[in-house]
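Here is what each chain is made of, one letter per residue.
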Amino acid sequence: MTARIIKAALVSAFCSVMAFSAFAEQQKPQATEQSSQGADDTFFAIKFSAGKYHFESPLNFKEDVEFYFLPTWTFYYKDLFFIENTKMGLNLYIDADETSTTIVDLVTRHNFDGLYYHMDNDIVGFVDPMLPPFNHPSTNAHLSYLGGVEVKHYYDKNIITFGVFSDISNVHHGEEAEVSWQRVLFNKGTDFKLSAEVGALYKSDQVLEYYYGSPLDGDNINYYSRIDAAYELSDGLYLVANFKYERLSSKIISSQATDKKELQSGFIGISWLTNW
């Protein structure tokens, strides 16, 4: 039972990349400013989402996956430490003024390519870490965990993020690097929020060959864009819709394990958010 709960949490973390996150992101610089003024600022939020979530699998032997209920949670301890689902961070540096905030964190997070092999619609949240990946019959496609440094710069209605990460779970010994720009397009009081994000995600050959086989040809970068919208129906209750488009790297496209060039994912439904 405990293993099932952990596996479901991993799936929740994977799906939460599509969830509306502007609220939590806006809290971090606010918490930083208050903490720098001596405030005892600890922030904890839980969100339950119900609706239809659909994401495409890049693997030609796995079905696309749909979910109808998704819990997520966020915890910030002052400006020192945070947990966002299965992502954890320890603050290294903060520079805040009246117009902008820059935060440097030591971060650990999951690489999610392995989940494509193990999630299906039969048992939501079930993961079999021993299922071998395509074209590697003697290798187990374990889930992997990454560690590295992430920098976030908040200014006006923008968030620029850059991070470099390396495998710390002794699975594929690969690296990832990601850069993104998120902008709040519309935020009329607390009723309606609209944000957009574009980004690029680099995955080293070790990561791609472990999960997608070899040989692979081309570049190592996925490009993505995302739009999130939320309308507050009542205190803490939101009508949420979001959509993500991801262009796969040419190395993933060249793999025998996939017949897709891009992935589309989205969610529409109701989210209930409470925080302390």
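Computed from a predicted model, the values in this text were never measured in an experiment. (Residues numbered from 1 in each chain as written. Predicted model: local features only at pLDDT ≥ 70, side-chain atom pairs only at ≥ 80, totals over all residues. Heavy atoms only, no water.)

## Brief notes about the nonpolar core
The criterion, for reference: The term nonpolar core refers to a set of buried residues drawn from Ala, Val, Leu, Ile, Met, Phe, Trp, Tyr and Cys, joined through side-chain atoms within 4.5 Å. When a residue's accessible area, from a 1.4 Å probe over protein chains only, is under 20% of the maximum for its type it is buried; when over 50% it is exposed; and in between it is partly exposed. The secondary structure listing takes helices from DSSP runs of H or I that are at least 4 residues long and strands from runs of E that are at least 2 residues long, numbered from the N terminus.
Phe55, Leu59, Phe67, Tyr116, Met119, Tyr211 and Tyr212 are the most contacted members of the largest nonpolar core, which totals 33 residues. Elements supplying a minimum of two residues to this core: strand E1 (42–55), strand E2 (65–77), helix H3 (115–118), helix H4 (205–212), strand E11 (237–247) and strand E12 (262–275). Counting residues per element, this core draws most heavily on H4, at 5 residues.

## A few points about the side chain of Lys87
Put simply, the rule reads: In protein, a polar contact means a hydrogen-donor-capable atom and an acceptor-capable atom, both N or O and within 3.5 Å, with residues adjacent in sequence counting only if both atoms are side-chain atoms; elsewhere, any N or O pair within 3.5 Å suffices. Note on definitions: a residue-residue contact is assigned when non-hydrogen atoms from the two residues lie within 4.5 Å.
The residue Lys87 is located in strand E4 (residues 87–96) in this model. Separated by 3.1 Å, the side chains of Lys87 and Glu150 make a polar contact. Setting aside anything within four residues of it in sequence, one finds Lys87 in contact with Phe82, Val107, Thr108, Arg109, Tyr145 and Glu150.

## Topic: the sheet that holds strand E3 (residues 81–84)
Adjacent strands of a sheet pair through backbone hydrogen bonds, lying either parallel or antiparallel. Here is the rule we go by: Two strands are counted as paired when DSSP detects at least two bridges linking them. For helices, the axis comes from a line fit to the C-alpha atoms of the stretch in contact; other axes are also lines fit to C-alpha atoms, and the angle between any two N-to-C directions lies between 0 and 180 degrees.
Strands sit in the order E1-E2-E3-E4-E5-E6-E7-E8-E9-E10-E11-E12 around a closed barrel of 12 strands; the barrel is antiparallel. Taken over all neighbouring pairs, the strand axes of this sheet differ in orientation by 20° on average, direction set aside. As judged from the 12 bridges shared by strand E8 (residues 175–188) and strand E9 (residues 192–203), these two strands associate in the antiparallel manner. Within the sheet, the bridge partner assigned to Trp181 lies in E9 and is Val198.

## Remarks on the environment of Tyr154
Examined against the element boundaries, Tyr154 turns out to sit in strand E6 (residues 144–155). For Tyr154, a relative accessible area of 7% puts it in the buried group. Sequence-wise, Tyr154 and Ile103 are 51 residues apart; in three dimensions their C-alpha atoms are separated by 8.4 Å.

## Re the pairing of E12
Here E1 runs beside E12; their pairing, made up of 11 bridges, is antiparallel. Among the inter-strand pairings, Ala50 is bridged to a residue of E12, identified as Ile270. Relative to E12, E11 is paired through 11 bridges, and the arrangement is antiparallel. Its bridge partner lying in E12, Lys244 is registered against Ser265.

## A word on the pairing of E3
By the bridge criterion, 4 bridges tie E2 to E3 in an arrangement that is antiparallel. Each bridged residue has a counterpart across the sheet, and for Thr74 the counterpart in E3 is Glu84. Taken together, E2 and the strand that follows it, E3, pair antiparallel across an intervening segment of 3 residues, in which Lys78 is found at a positive phi of about 50°. Summarising the sheet, E3 and E4 pair through 4 bridges and their orientation is antiparallel.

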